[in-house]
Amino acid sequence: MPAGEPLRRSELLSLTALAAATLALRVAFVFRQPFNSDEPQHLHVAWGWSRGLIQYRDLFDNHTPIFHMLSAPLVAVVGERPEILSIMRLAMIPLYLATLWGAFALATALFDRRTGLWATALLAIHPTFFRESLEYRADDLWMTFWVLALLALVGGDWSGRRAFSGGLLLGACLGTSLKTTLLLGSLGAAALLVPFVAGVSWRAQAPWGTAESDPAPRRVASSLPALLGGMAIVPSGIVLLFTSLGAFAPFLHGTVLHNLLPGLGRWSRPGRGFLVLPALLVVLAAVSALVRLAPPAVDRRRLALIALTAGIYLAALQILWPLFTRQDLLPFLPLLFVALAGLLQIVRRRPALGFTPLLAAAALEIGLLVKGAPPRRAGPAPETRLLEEVLRLTDPRDEILDAKGEAVFRRRPIYEVMESITQARLQRGDLKEEIPEAMIERGVFVATTDVGRFPERTRLFLEENFLPVGRLRVAGRFLPPGSGDPGGAIVFEVVIPARYAIVAADGAVAGRLDGAPYGGPIVLSAGRHLFVPAAATGRLALIWAQAIERGFSPFTTGDRLS
């Protein structure tokens, strides 16, 4: 498709202003948008690679590994810093820009440069695309590989080299997320349905408008080995890598077996499968109408392929995929805006309207973005403060119990993370709930304060045997009310053997512990102990001594002992 007439000055200024506003909002949201729980989970795995740990074998994960492996060098360079999550969010900006460029190139190849610019500008500020691509997650790299793969396949004249390049990028997609299987199925189904909606058969023209005389099916078939060969390279390399590391079984479990849970989410309602045919008919009707509205110079087969792939993927995601999350829309939205670029072109070319409706749409998107998830003053501060406390309270050898890797820089005493599939398996009894036993056996004295994702038994264990100090919990407990009376014996239980201190709100206390003088931190075994304070004090607490020595207290609302 030719570049089309040059941009008018007013359009260029409008697009420049939109780009500047989008970039400013991007930076604001990076440092003001609260973190999603998936972000530290991904970062914990990347941190593991940077420390010589093996994904799946040493750290649980249920994603394919390309994103974490590529992140590890940057994590190693940044080091163990509390603000690392914000830094890793900044590292997602190149993926965001690469995806926008891919969408622009696709829209330009189908229509013209001006249409491509407007489609990309509206995609860039779309609230869901903007927010989800902002986060540090594997889905960012996944969407980038996907859009670039489609650009490689349909962005120019068909050839074996183009088929190989597209296949290589599709394989990289698969190495980043197994949700690529849904994308591949949608792309395959779309290719079969193109003749029914494009108004022209595959045989009528050579692939993608080339001058070759061979029928399209024959030329496509001749390039299939290149496509499949390219697609196999990255997945085969991943399998060989984990096999050589002696971790193929954990890799298979984490990426495939763990995720295949019958009855999970929408899979518990098999009747939803009957919605597939009506949804497909709706997609076919919508794409047929879109193709009919397209300008005559547009290659209808390419437009139909893009639009059908987007529509089929969305329908399958909503009907067949067990768990839906907003980030699953990331590979869909660029295709949607590319497919709708023709409508944008029609609007833009009406002299009475100009590009005013497009500016209005962009303003609406910005309004919805800011209203739906306004940048907050606290923003990522809670997670940053958590990591500050992790680094201040613990040593590298210490383990921390968290739900999904929020502590990032420390190993966990349990293998599984408390994501939705793990929680479902625990509820069904597929996994044994032995978290308290693991903490006792491994001598874990620190946990995060957020216990909502854990099973009830673990929540009770943490609430009874750990004290909140800032955004962490440490081993210990408050002693019975009124236990500060002189001469009054206090009986308490120790569950995890460790070095403990008995403290009051104003500092250390003295007395007799198990019949011997007590004047400071001491190693206590598991079981019952008896303490007799030497003088009247306020409420007392038994606490892991390292917390007190490093400035933490269960008596303060802040992090540190004043």
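Remember, it's a predicted structure, so these values are computed and weren't measured experimentally.

Asker: I'm lost on the confidence of the model for the chain in this one. Help?
Answerer: A low pLDDT score tells you not to read the predicted coordinates there in detail. With 90% of its residues at a pLDDT of at least 70, the chain reaches an overall mean of 88. Note on residues 211-215: pLDDT under 50 across the span, and five contacts to partners over four residues away in sequence or across chains.

Asker: I would appreciate a short explanation of empty space enclosed by the protein in the present structure.
Answerer: It is a probe the size of a water molecule, rolled over the atoms, that shows where empty space is left. Counted by the stated rule, this structure contains one cavity of 30 Å³ or more. Considered as a void within the structure, the largest cavity measures approximately 70 Å³ in volume. If you go around the largest cavity, the residues you meet are Asn-465, Phe-466, Ala-475, Gly-476, Arg-477, Glu-493, Val-494, Val-495, Ile-496, Tyr-500 and Leu-542. Of all the secondary-structure elements, those providing two or more residues to the lining of the largest cavity are strand 4 (472-478) and strand 5 (490-494). Looking at which element gives the most residues to the lining of the largest cavity, the answer is strand 4, with three residues. Among the residues forming the lining of the largest cavity, the class breakdown is seven nonpolar, two polar and two charged.

Asker: Looking at this structure, I do not really get the packing of aromatic side chains. What am I missing?
Answerer: Aromatic ring pairs are described here by two measures, namely the spacing of the ring centres and the angle between the planes. Taken as a whole and assessed by the stated rule, the structure comprises 14 aromatic pairs. For the pair Trp-49 and Phe-242, a centre-to-centre distance of 6.1 Å together with 65° between the ring planes defines the contact as edge-to-face. With Trp-49 in helix 2 (residues 38-50) and Phe-242 in helix 11 (residues 216-244), this residue pair connects regions lying 193 residues apart in the sequence. Accessibility expressed as a relative area gives 0% for Phe-242, which makes it buried. An angle of 85° between the planes, with centres 5.7 Å apart, marks the rings of Tyr-518 and Phe-531 as edge-to-face. One end of the pair, Tyr-518, is in strand 9 (residues 516-518); the other, Phe-531, is in strand 11 (residues 527-533), and 13 residues separate them in sequence. Over the ring of Tyr-96 we find Arg-26; its NZ or CZ atom is 3.7 Å from the centre of that ring. In this structure, Arg-26 packs its charged tip against the face of Phe-130, placed 5.2 Å from the ring centre.

Asker: Looking at this structure, I do not really get unusual backbone geometry. What am I missing?
Answerer: Across residues other than glycine, the phi torsion is negative in most instances, and most of the peptide bonds are trans. The backbone of Tyr-56 shows a phi angle near 80°, a positive value even though the residue is not glycine. Following the sequence through the fold, Tyr-56 ends up in the loop between helix 2 and helix 3 (66-78). We note that Val-408 has phi near 60°; this positive angle belongs to a residue other than glycine. With respect to the secondary-structure elements, Val-408 resides in the loop between strand 1 (400-401) and helix 19 (420-428).

Asker: Would you mind going over helix 12 (residues 248-257) with me for this structure?
Answerer: Because the α-helix completes a turn every 3.6 residues, residues three or four places apart line up on one side. All of the buried residues along helix 12 are Phe-251, Gly-254 and Thr-255. All buried residues of helix 12 project into a common sector of 80° when viewed along the axis, lining one side.

Asker: Sorry if this is basic, but what is going on with the layout of surface pockets here?
Answerer: By volume, the largest pocket amounts to about 850 Å³. Taken together, 33 residues line the largest pocket, and the ones lying closest to its centre are Asn-62, His-63, Lys-179, Asn-259 and Ile-421. Class assignment of the residues belonging to the lining of the largest pocket gives a composition of 10 nonpolar, 15 polar and eight charged.

Asker: Explanation requested: the sheet that holds strand 5 in the structure shown.
Answerer: Strand-to-strand pairing in sheets goes through backbone hydrogen bonds, with the strands running parallel or antiparallel. Taken in spatial order, the four strands make up an open sheet running 5-11-8-9, and their pairing is antiparallel. Edge strands, defined here as strands with exactly one partner in the open sheet, are strand 5 and strand 9. Looking at each pair of strands side by side, their axes are set apart by 35° on average, direction ignored. Two strands pair when backbone bridges link them, and strand 5 and strand 11 are joined in this way by five bridges, in the antiparallel orientation. From the neighbouring strand, Phe-492 faces strand 11, where its bridge partner is His-529.

Asker: What exactly am I supposed to notice about the nonpolar core here?
Answerer: When a protein is soluble and globular, its nonpolar side chains tend to lie buried together. With 111 residues, the main nonpolar core has Trp-146 and Leu-308 as its most contacted residues. Counting residues per element, this core draws most heavily on helix 8 (residues 138-154), which supplies 12 residues. Those residues in contact with Trp-146, other than ones at most four positions away along the chain, are Leu-170, Cys-173, Leu-183, Leu-187, Thr-309, Pro-331 and Leu-335. In this structure, Val-390, Leu-426, Leu-472 and Ala-545 belong to the second largest nonpolar core, which totals 52 residues.

Rules used in this analysis
- Residues numbered from 1 in each chain as written.
- Predicted model: local features only at pLDDT ≥ 70, side-chain atom pairs only at ≥ 80, totals over all residues.
- Heavy atoms only, no water.
- pLDDT = per-residue confidence, 0-100.
- Contact = heavy atoms within 4.5 Å.
- 1 Å grid on protein atoms, 1.4 Å probe; cavity = no way out; pocket = protein on both sides within 12 Å on 5 of 7 lines; lining within 4 Å.
- Points joined across faces, edges and corners; volume = space filled by probe spheres on them.
- Helix = DSSP H or I, 4+ residues; strand = E, 2+ residues; numbered from the N terminus.
- Nonpolar A, V, L, I, M, F, W, Y, C, P; charged D, E, K, R; others polar.
- Phe/Tyr/Trp six-rings, centres within 6.5 Å; stacked < 30°, edge-to-face > 60°.
- Buried < 20%, exposed > 50% of the residue type's maximum accessible area, 1.4 Å probe, protein only.
- Lys NZ or Arg CZ within 6 Å of the ring centre and 35° of its normal.
- Arc of directions from axis to C-beta.
- Pairing = 2+ DSSP bridges.
- Axes fitted to C-alpha atoms, helices over the stretch in contact; angles between N-to-C directions.
- Core = buried A, V, L, I, M, F, W, Y, C linked by side-chain atoms within 4.5 Å.

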